[in-house]
Structure formats: C-alpha cells, structure tokens
Amino acid sequence: MAKKINFGIIGFGFMGQTHAETIKNLEYAELKAVCDTNEAQFEYASAGVKTYVSADDLLADETIDTVIIAVPNLLHLEMVVKAAKAKKDIICEKPLAMSSEEVKEMMAVTKEEDVRFTVHHQRRWDHDYRVAKEIYDQGLVGNIYTIKSSLYGFNGNMHDWHIYPELGGGMLYDWGVHLIDQMLWMIPAKLQTVYADVRNVINENVDDYFNIQLYFENGVNAQIELGTYFLNSSENWFERHWFVGGDKGSAKIDGFNPKGEITRTSELLGNVPGKITMTHAGPTRSFGPAPEGRILTEELPEVEVSHRMFFDNYYAHITGKEELTIQPGQILRLMQVVEAIRISAKYHQSIHFE
Ligand SMILES: NC(=O)c1ccc[n+]([C@@H]2O[C@H](COP(=O)([O-])OP(=O)(O)OC[C@H]3O[C@@H](n4cnc5c(N)ncnc54)[C@H](O)[C@@H]3O)[C@@H](O)[C@H]2O)c1
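Residues numbered from 1 in each chain as written. Predicted model: local features only at pLDDT ≥ 70, side-chain atom pairs only at ≥ 80, totals over all residues.

1. Things to note about the site of the ligand
Part 1 of the argument: Within the structure, the ligand sits among 24 residues, and Gly-11, Gly-13, Phe-14, Met-15 and Glu-93 are positioned closest to it.
Part 2 of the argument: It is helix H1 (residues 14–24) that contributes the most residues to the shell around the ligand, three residues altogether.
Part 3 of the argument: Split into classes, the residues belonging to the shell around the ligand amount to eleven nonpolar, nine polar and four charged. (Near = placed C-beta within 6 Å. Helix = DSSP H or I, 4+ residues; strand = E, 2+ residues; numbered from the N terminus. Nonpolar A, V, L, I, M, F, W, Y, C, P; charged D, E, K, R; others polar.)

Now the structure itself:
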C-alpha cells in the first residue's frame, strides 16, 4: 500500500469529530492532530492525537499532509488560504464559501500553491440519491421531464451558529447546497433558468424554507423543496422523498434508506372514450383508476454506496488512480446557483443562468 494520508482537522466540533470517527475506519489514513479554539472539544480526541488551539500551529506541523477544514462557514476562506500557503492538501467542509467570489479566491490560491483541493459533499454518496441517479443514468423511466427532491422536518431547524446569517447560517447553506449539488451532478446539462422561493417561516434571522425550480437545457425540470417546520405526528421526525417522472414510467423513492418502486403502464392510454368514475372528489374521467392490468411495478435498482467512498475517491486521487469526484469548478457553479436563488427569491423573478 502507498503511504498513508496523515490528516489534521481544523474545527473539532460536530463535523470535525465525525471525520475523526470516519478516519479511524480508513486503512489508508491516520489522524495526526486536531485544532479547536475551544479546548473543551479536545475531550473527544483519541489518545495519541495532538491538539492545537491555533490553526497556524496545526498548519506548521510537518507530519500532516491533508487538512480537513470544519470550522463555521464564515471562516472557510481564511482557513483555505492559510492551509494552501502552508502547502497542505485541503478538504473543506460545505458550503465551501460565503460567495462565488470567495470560491474563485480559493481556487486561485490552491492552484498557485499547487495543493490538492476538494469539498466534503459526501451526499453525492447518499443511498437514496444514488438510486435516483441510477434511474436517471440508465434511462429507467425513459425521457425524464421532472425530478422532485424534498426534505421535510420539524426538529431540523437551526441551532448554534446556524442562526446567524453573518456566520453562514440558514438552511440554504446547510442542506440546500447538498440538495442542489446532487441535482447539478445528476443532470449534466446547461442550467437555463432558476426560480426560487426562500423564506424565514419561523426563524427571524435565517432562511428555514425553500422551494427551488431549476430548468435544464435537456428539458428536465428539477424541483427541490426543504422545510424545517412541516409538523407531523408520526415517529419519523423527517421525510425524504424523490419523484422521477419520465415518458416510460415514474419512480418514487422514500427515505434515506430508500424504499419505493418504479411504475409503468403496459399500454399508453391513447385518446379513448372517457369512462366516468365516482370518487370522493366527485365524478372524474381523467383521475379514475387505471384499466385492469395496465399498471406494472418494478423494484428500485440496487446500488452499493456509503459515505466513506468520498475518502476512498480522495485516496484513489492521491495515488493517481482517479480524478477527484468533487471538483472546485463544480462547486463554483453551485455557489453561483445559490446566488441566483437568492436574487430570484428577493425579486420573485426567474433568473437566466447559463
Ligand atoms: N458535510 C456535512 O454533512 C456537514 C454536516 C454538518 C456540518 N457541516 C459543516 O461543517 C462545518 C462545521 O460545522 P459543525 O456543525 O461541525 O459546527 P460546530 O459548531 O459543531 O463545530 C465548529 C467548531 O469550530 C471551532 N472553531 C471556531 N472557530 C475556530 C477557529 N478560528 N479555529 C479553530 N476552531 C474553530 C468551534 O469551537 C467548534 O468546535 C460547517 O462548515 C458546516 O456547514 C457539514
């Protein structure tokens, strides 16, 4: 095996500690040091891992090859610049930056210092997402005209620094960048138009609801809706759904551990004489039950996926075997989409994008 990657983590809170746990299970990696301005966090560092209160001191540590930046969003630019100048390879948490201008600055400095640079968008390896992507990639429902990705919760609202806009709080920066990144990576076409509604439903400071429509040049209309205040009394305190509609079928995918099915029809309904069905909503011809035998169902495709594949790809890149799955240029486009979303929501207007 090639040399192990020696990691250092800057920002040892929720996500920094999550990374430390992941690294323990990677045979090709070792955690050498962590840094946090709050020394109380060091209680969660394993024996043998060095601790620093200053990022500069961690970056001066020659045993470290790659730093993972997991501080609040506002500080990402400062840390990426410092890390690049210290000649460390960099994995930065999402959202990569507060603006597309900051992403450009990061791309320039990492290029100039010739260090590796990627972003922890591990939700490209979410199970439900990969099922939707497989359906898209394999054309399992024919020509797709609509894709809807939604996430609803009532307990997932803002906490800690996430309630401060100036620190990069709000749901668009938190889950939004994941859900939008998933769509942009799945649909390799020019993004023509962006339209969005972004609101503060119960949070006065930062956005806690959004509904985004992305129209792509290949005819796909992608919709992403997230709400943190969709109260529900079931044991499930969140809901995750996908709907993929094509001209040869529909797919419904529910939950992060996805359940669902692909539905097809044995025969397309042509222009047939109307048959009236009585429903609770009154008599209908368009929305009655399908004729006997017309509805066929299939299981969702199987996919093998896990979040550690983000790191597997990073290691494969370091050893010259793979391109980085998450390229800074893609994240620049993502951040430009986020900016278009904010402008669209502010003026209630569609934005022509590419
Ligand atoms: N990829 C994901 O799924 C995911 C999930 C959660 C959070 N995140 C991202 O991870 C980052 C951190 O979020 P979190 O939820 O872990 O926050 P957190 O508040 O739990 O942890 C942040 C830590 O950074 C420390 N810190 C602050 N300023 C510092 C500085 N100058 N130097 C060193 N340490 C400093 C804080 O003391 C804290 O311990 C954010 O960018 C967030 O968006 C990503």
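2. Looking at the UniProt feature "domain: Gfo/Idh/MocA-like oxidoreductase N-terminal" (unreviewed entry) in the protein
Part 1 of the argument: UniProt's feature table lists "domain: Gfo/Idh/MocA-like oxidoreductase N-terminal" (unreviewed entry) at residues 5–121, given in the numbering used throughout.
Part 2 of the argument: Structurally, residues 5–121 comprises 33% helix and 25% strand, and the distance from its first C-alpha atom to its last is 19 Å. (UniProt positions renumbered as here; feature names shortened; annotations may be inferred.)

3. Points about the sheet that holds strand S1 (residues 5–10)
Part 1 of the argument: The six strands are arranged S3-S2-S1-S4-S5-S6 in an open sheet whose pairing can be described as parallel. Only two strands of the sheet have a single neighbouring strand rather than two, namely strand S3 (50–52) and strand S6 (117–120). Here the average twist between neighbouring strands, direction ignored, is 25 degrees.
Part 2 of the argument: Bridging between strand S2 (residues 29–35) and S3 involves three bridges; their strand directions are parallel. (Pairing = 2+ DSSP bridges. Axes fitted to C-alpha atoms, helices over the stretch in contact; angles between N-to-C directions.)

4. A look at helix H7 (residues 308–318)
Part 1 of the argument: Every buried residue belonging to H7 is among Phe-310, Phe-311 and Tyr-314, and all of these are buried. Projection of H7 onto a plane perpendicular to its axis shows the buried side chains occupying an angular sector of 90 degrees, all on one side.
Part 2 of the argument: Those residues of H7 that are buried are in contact with H1, S2, strand S5 (89–93) and S6.
Part 3 of the argument: Once H7 finishes, Gly-320 follows within two positions and takes phi at roughly 80 degrees, a positive value. (Buried ≥ 20, exposed ≤ 12 C-beta atoms within 10 Å, placed from the backbone. Arc of directions from axis to C-beta. Contact = placed C-beta atoms within 7 Å.)

5. Let's talk about the nonpolar core
Part 1 of the argument: Counting residues in each nonpolar core, the largest one holds 84 residues, and the members touching the most others are Ile-9, Ile-10, Ile-69, Ile-90 and Ile-341.
Part 2 of the argument: Residues from two domains meet in this core; each of domain 1 (5–120) and domain 2 (124–305 + 336–352) gives at least three. (Core = buried A, V, L, I, M, F, W, Y, C linked by C-beta atoms within 7 Å. Domains from an automatic or database assignment.)

6. A few points about helix H6 (residues 171–186)
Part 1 of the argument: Its 16 residues place the ends of H6 21 Å apart at the C-alpha level, agreeing with the 22 Å of an ideal helix rising 1.5 Å per residue.
Part 2 of the argument: Remark: the principal bend of H6, roughly 40 degrees, maps to Val-177.
Part 3 of the argument: Most of H6 sits inside the fold, with 13 of its 16 residues counted as buried. (Expected span 1.5 Å × (residues − 1). Bend = angle between axes of the 7 residues up to and from the residue.)

7. Description of the sheet that holds strand S9 (residues 209–216)
Part 1 of the argument: With mixed pairing, nine strands are arranged side by side in an open sheet as S16-S13-S12-S11-S7-S10-S9-S8-S17. Whereas interior strands pair on both sides, the edge strands pair on one side only; in this sheet they are strand S16 (295–298) and strand S17 (351–352).
Part 2 of the argument: Pairing geometry for strand S12 (residues 249–254) and strand S13 (residues 259–265), over five bridges, is antiparallel. Pairing of Lys-252 across the sheet is with Glu-261, part of S13.
Part 3 of the argument: Contacts from helix H5 (residues 127–137) reach strand S7 (144–153), strand S11 (238–246) and S12 within the one sheet, and its direction differs from that of S11 by about 0 degrees.
Part 4 of the argument: Together, S7, strand S8 (191–199), S9 and strand S10 (221–227) form the strand contacts of H6, whose direction differs from that of S10 by roughly 155 degrees.

8. Overview of the environment of Val-305
Part 1 of the argument: Inspection of the secondary structure assignment puts Val-305 in the loop between S16 and H7.
Part 2 of the argument: Val-305 sits in the partly exposed class, given 16 other C-beta atoms within 10 Å.
Part 3 of the argument: Along the sequence, Val-305 and Trp-125 sit 180 residues apart, while their C-alpha atoms lie 6.0 Å from each other.
Part 4 of the argument: Excluding its chain neighbours within four sequence positions, the residues that come into contact with Val-305 are Trp-125, His-127 and Arg-130.

9. A few points about the domain arrangement of the protein
Part 1 of the argument: Along its sequence, the protein is carved into domain 1 (5–120) and domain 2 (124–305 + 336–352).
Part 2 of the argument: Taking the mean C-alpha position of each, domain 1 and domain 2 sit 33 Å from one another.
Part 3 of the argument: Facing the eight residues of domain 1 at the interface are nine residues of domain 2.

10. Some words on the pairing of S13
If a strand is regular, its side chains alternate between the two faces of the sheet.
Part 1 of the argument: Once S12 ends, the chain turns through four residues before running back antiparallel as S13, passing Gly-255 with a positive phi of about 90 degrees.
Part 2 of the argument: Pairing analysis gives four bridges linking S13 to S16, with the strands arranged antiparallel. Residue pairing across strands places Thr-263 opposite Thr-297, the latter belonging to S16.

11. Concerning unusual backbone geometry
Part 1 of the argument: Across the junction of Lys-94 and Pro-95, the peptide omega takes the value -15 degrees, indicating a cis bond.
Part 2 of the argument: Relative to the assigned elements, Pro-95 resides in the loop between S5 and helix H4 (100–112).
Part 3 of the argument: A positive phi angle, close to 45 degrees, is found at Asp-160, a residue other than glycine.
Part 4 of the argument: Tracing the backbone shows Asp-160 in the loop between S7 and H6.
Part 5 of the argument: Of note in the backbone geometry, His-348 takes a positive phi value of approximately 50 degrees without being a glycine.

12. Points about the pairing of S10
Part 1 of the argument: With seven bridges joining them, S7 and S10 adopt parallel strand pairing. Residue pairing across strands places Ile-147 opposite Ala-222, the latter belonging to S10.
Part 2 of the argument: Alignment of S9 against S10, held across seven bridges, turns out to be antiparallel. Counted as the bridge partner of Tyr-209 is Gly-227 from S10.
Part 3 of the argument: Between S9 and S10, which pair antiparallel one after the other, the connecting turn spans four residues, and Gly-219 there sits at a positive phi close to 90 degrees.

13. Observations regarding the packing of H6 against helix H8 (residues 328–347)
Part 1 of the argument: Relative to each other, H6 and H8 sit at 120 degrees, their axes nearing to 10 Å. Crossing of H6 over H8 shows right-handed handedness. Listed contacts from H8 to Leu-172, Gly-176, Val-177, Ile-180, Asp-181 and Leu-184 of H6 are Arg-333, Leu-334, Val-337, Val-338 and Ile-341.
Part 2 of the argument: Looking at the contact of H6 with H8 residue by residue, the classes come out as eight nonpolar, one polar and two charged. (Left-handed = near helix turned anticlockwise from the far one by under 90°.)

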